[in-house]
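Here's the letter readout for the chains.
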Amino acid sequence: MTTSTAPLTAAAANTADPANPGDATLAQAWAVLEAVPDPEIPVVSIRELGILRDVRRAADGALEVVITPTYSGCPAMSQIAEDIGRALHAAELAPYRVATVLAPAWTTDWITADAREKLRAYGIAPPTGQCGSAAASTSREKVLRFVPRALPAPACPRCRSVRTERLAQFGSTACKALYRCLDCREPFDYFKPY
């Protein structure tokens, strides 16, 4: 297993067809990796979170699994790479390598609708709003603009009330904030949009 930080082109980002009829091994790898959970939020897979970007054949014939961290300092990336390796090894899909790419940067826009519902059921409010523009969404390339903007308050994942308040900028992990519902009074993590 190797890790690189090579940029991922917009054409390669999140475009692999898991049901590629031309390569049964790629399809099998996608199916195996679909089941790899995020180590910090085990109810969602790395694919549902948009961390798993591509599975492709490298020039030497090895499988290359492309992942992007939710932020550049994410401490879970080494665990994710190990979990990917363990899953591919158990499925006898060697040789392989894991490539970590930082560009284009991950955004919460890549979290699937199913994953957002799973987060809510798990007690984590999913991100509100959208980070990328509509034009960027169609090309799979996300242009991030660091401009302060007002976002709607996250709804409580337990009672769905929007009467919530932020208690702390950081929750159980750096990508989440700690909120409290003003109606049911329960605290909850909010997956911050970026």
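Higher on the page you've got the structure.
Model, not experiment: these values are computed from the prediction. (Residues numbered from 1 in each chain as written. Predicted model: local features only at pLDDT ≥ 70, side-chain atom pairs only at ≥ 80, totals over all residues. Heavy atoms only, no water.)

Chemist: Teacher, can you tell me more about the nonpolar core here?
Modeler: With 34 residues, the main nonpolar core has Leu33, Ile67, Ile84 and Phe191 as its most contacted residues. Mapped by element, the contributors of at least two residues to this core are helix 1 (24-34), strand 1 (52-57), strand 2 (63-67), helix 2 (77-90), strand 3 (96-100) and helix 3 (113-122). Counting residues per element, this core draws most heavily on helix 2, at six residues. Discounting residues that sit within four places of it in the chain, Phe191 has contacts with Ile41, Leu49, Trp106, Thr108, Ile111, Leu119, Ile124, Ala125, Pro126, Pro127, Cys175 and Lys176. Counting residues in hydrophobic clusters, the runner-up holds seven residues, among them Cys156, Ala177, Phe188 and Tyr190. (Core = buried A, V, L, I, M, F, W, Y, C linked by side-chain atoms within 4.5 Å. Buried < 20%, exposed > 50% of the residue type's maximum accessible area, 1.4 Å probe, protein only. Helix = DSSP H or I, 4+ residues; strand = E, 2+ residues; numbered from the N terminus. Contact = heavy atoms within 4.5 Å.)

Chemist: Looking at this model, I keep getting lost on the sheet that holds strand 7 (residues 187-191). Mind explaining?
Modeler: Strand pairing in a sheet takes place through backbone hydrogen bonds and is either antiparallel or parallel in direction. The sheet built from four strands is open, its strands ordered 4-7-6-5 with mixed pairing. The sheet is open, and its two borders are formed by strand 4 (124-125) and strand 5 (164-168), each paired with just one other strand. The pairing of strand 6 (residues 176-181) with strand 7 spans five bridges and is classified as antiparallel. Looking across to strand 7, one finds that Ala177 is bridged to Tyr190. (Pairing = 2+ DSSP bridges.)

Chemist: Sorry, what's going on with the environment of Asp83 here?
Modeler: With respect to the element layout, Asp83 can be found in helix 2. In this structure Asp83 comes out as buried when scored by relative accessible area, which is 15%. With 45 residues separating them in the primary sequence, Asp83 and Asp38 have C-alpha atoms 9.2 Å apart. Once residues within four sequence positions are removed from consideration, Asp83 is found in contact with Val36 and Pro37.

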